[in-house]
Amino acid sequence: MPEQPQPLVGVVMGSKSDLEWGQQVSRYLQELGIPHESRILSAHRTPVEAAHYAQSAAERGLAVIIAIAGLAAHLPGVLAAYTWLPVIGLPLAGGPLRGQDALYAMVQMPPGVPVATVGLDNPRNAAVLAAQILAVRHSDVRARLLQWRREQTESVRLADRQLQQSSATAVPEPRP
Ligand code: RP5
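Thoughts on the site of the ligand
Okay, step 1: The environment of the ligand is made up of Gly-14, Ser-15, Ser-17, Asp-18, Arg-45, Ala-69, Gly-70 and Leu-71.
Okay, step 2: Take Asp-18: an N or O atom from its side chain is 2.6 Å from an oxygen atom of the ligand.
Okay, step 3: A distance of 2.6 Å is found between an oxygen atom of the ligand and a side-chain nitrogen or oxygen belonging to Arg-45.
Okay, step 4: Expressed as a share of its isolated accessible area of 360 Å², the protein-covered part of the ligand is 71%.
Okay, step 5: Of the residues belonging to the shell around the ligand, the class tally is two nonpolar, four polar and two charged.

As structure tokens, this is what we get:
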């Protein structure tokens, strides 16, 4: 069996109920060809495991952690407290406060222990930000990231061209 590549990103979810979001992050990381691992570790329900994971992450070869959580989302902050690796927080928009609680918990970390927080329910930005951090040292990731950016640019240009063509041929509606 071929050996699995060494994971560079740890994708950590606060609960089984965050799985769908973890899978989306994983899909975007795969698109960018980034080896990663996924775990469910709770800052509140399994704090010892969460701390151990963050403490050992760098020596195990991880370079970035993406932490996904909703409600009083302490997971990324707690992981950041136990590692010097960059931690990207992905807040989820569930619960009675619709994710404002999770967003503020991540983005409002006290000075000295930052969590690089992306927008609510935005797994793509979490993966792309991880790729950008890795791209500084990993030329293969950089090449794939730049290719992905070129494709993104092209898809907007294409949409614009199609809009221009359709509006050029569109027959204006008669005024009432
Ligand atoms: C957070 O609380 C988790 O990240 C999840 O988004 C939210 C709800 O968790 P469950 O009660 O569904 O396990 O810790």
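Considering helix H5 (residues 123–135)
Along an α-helix, residues three or four apart share an orientation, since each turn contains 3.6 residues.
Okay, step 1: Taking 1.5 Å of rise per residue, 13 residues should cover 18 Å, and H5 covers 18 Å from first to last C-alpha, within 8% of that figure.
Okay, step 2: Within H5, the full set of buried residues consists of Pro-123, Ala-126, Ala-127, Val-128, Ala-130, Ala-131, Leu-134 and Ala-135.
Okay, step 3: On the buried face of H5, the contacting elements are strand S1 (9–13), helix H1 (19–31), strand S3 (64–69), strand S4 (87–91) and helix H6 (139–169).

Digging into the pattern of salt bridges
Okay, step 1: According to the stated counting rule, one finds three salt bridges in the structure shown.
Okay, step 2: Between Asp-140 and Arg-144 there is a salt bridge, and its shortest N-O distance comes to 3.6 Å. Taken together, the residues Asp-140 and Arg-144, both in helix H6 and four residues apart, mark about one turn of the helix.
Okay, step 3: With a relative accessible area of 31%, Arg-144 lands in the partly exposed category.
Okay, step 4: Its salt-bridge partner being Arg-157, residue Glu-154 comes within 3.2 Å of it at the nearest N-O pair. Here Arg-157 and Glu-154 lie together in helix H6, a separation of three residues that amounts to about one turn.
Okay, step 5: On the basis of relative accessibility, which here comes to 47%, the residue Arg-157 falls in the partly exposed class.

So, the packing of H1 against H5
Okay, step 1: Close contact between H1 and H5 brings their axes to 8 Å; oriented N to C, the two are set at 45 degrees. On the basis of their axis angle, the class for H1 and H5 is oblique. Here H1 and H5 pass one another in a crossing that is right-handed. Judged by residue contacts, Trp-21, Gln-24, Val-25, Tyr-28 and Leu-29 of H1 engage Pro-123, Arg-124, Ala-127 and Ala-130 from H5.
Okay, step 2: Residues belonging to the contact of H1 with H5 are distributed by class as follows: seven nonpolar, one polar and one charged.

Side note on unusual backbone geometry
Note on backbone geometry: most residues besides glycine have negative phi, and most peptide bonds are trans.
Okay, step 1: Unlike most non-glycine residues, Leu-71 shows phi in positive territory, near 55 degrees.
Okay, step 2: Phi is positive for Arg-98, close to 55 degrees, though the residue is something other than glycine.
Okay, step 3: Mapped onto the elements, Arg-98 comes out in the loop between S4 and helix H4 (100–107).

Conventions we followed
- Residues numbered from 1 in each chain as written.
- Predicted model: local features only at pLDDT ≥ 70, side-chain atom pairs only at ≥ 80, totals over all residues.
- Heavy atoms only, no water.
- Near = heavy atom within 4 Å.
- Polar contact = N/O pair within 3.5 Å; in protein donor to acceptor, adjacent residues only side chain to side chain.
- Areas by Shrake-Rupley, 256 points an atom, 1.4 Å probe, with all protein chains shown as cover.
- Nonpolar A, V, L, I, M, F, W, Y, C, P; charged D, E, K, R; others polar.
- Helix = DSSP H or I, 4+ residues; strand = E, 2+ residues; numbered from the N terminus.
- Expected span 1.5 Å × (residues − 1).
- Buried < 20%, exposed > 50% of the residue type's maximum accessible area, 1.4 Å probe, protein only.
- Contact = heavy atoms within 4.5 Å.
- Salt bridge = Lys/Arg side-chain N within 4 Å of Asp/Glu carboxyl O.
- Axes fitted to C-alpha atoms, helices over the stretch in contact; angles between N-to-C directions.
- Parallel < 35°, antiparallel > 145°, perpendicular 65-115°, else oblique.
- Left-handed = near helix turned anticlockwise from the far one by under 90°.

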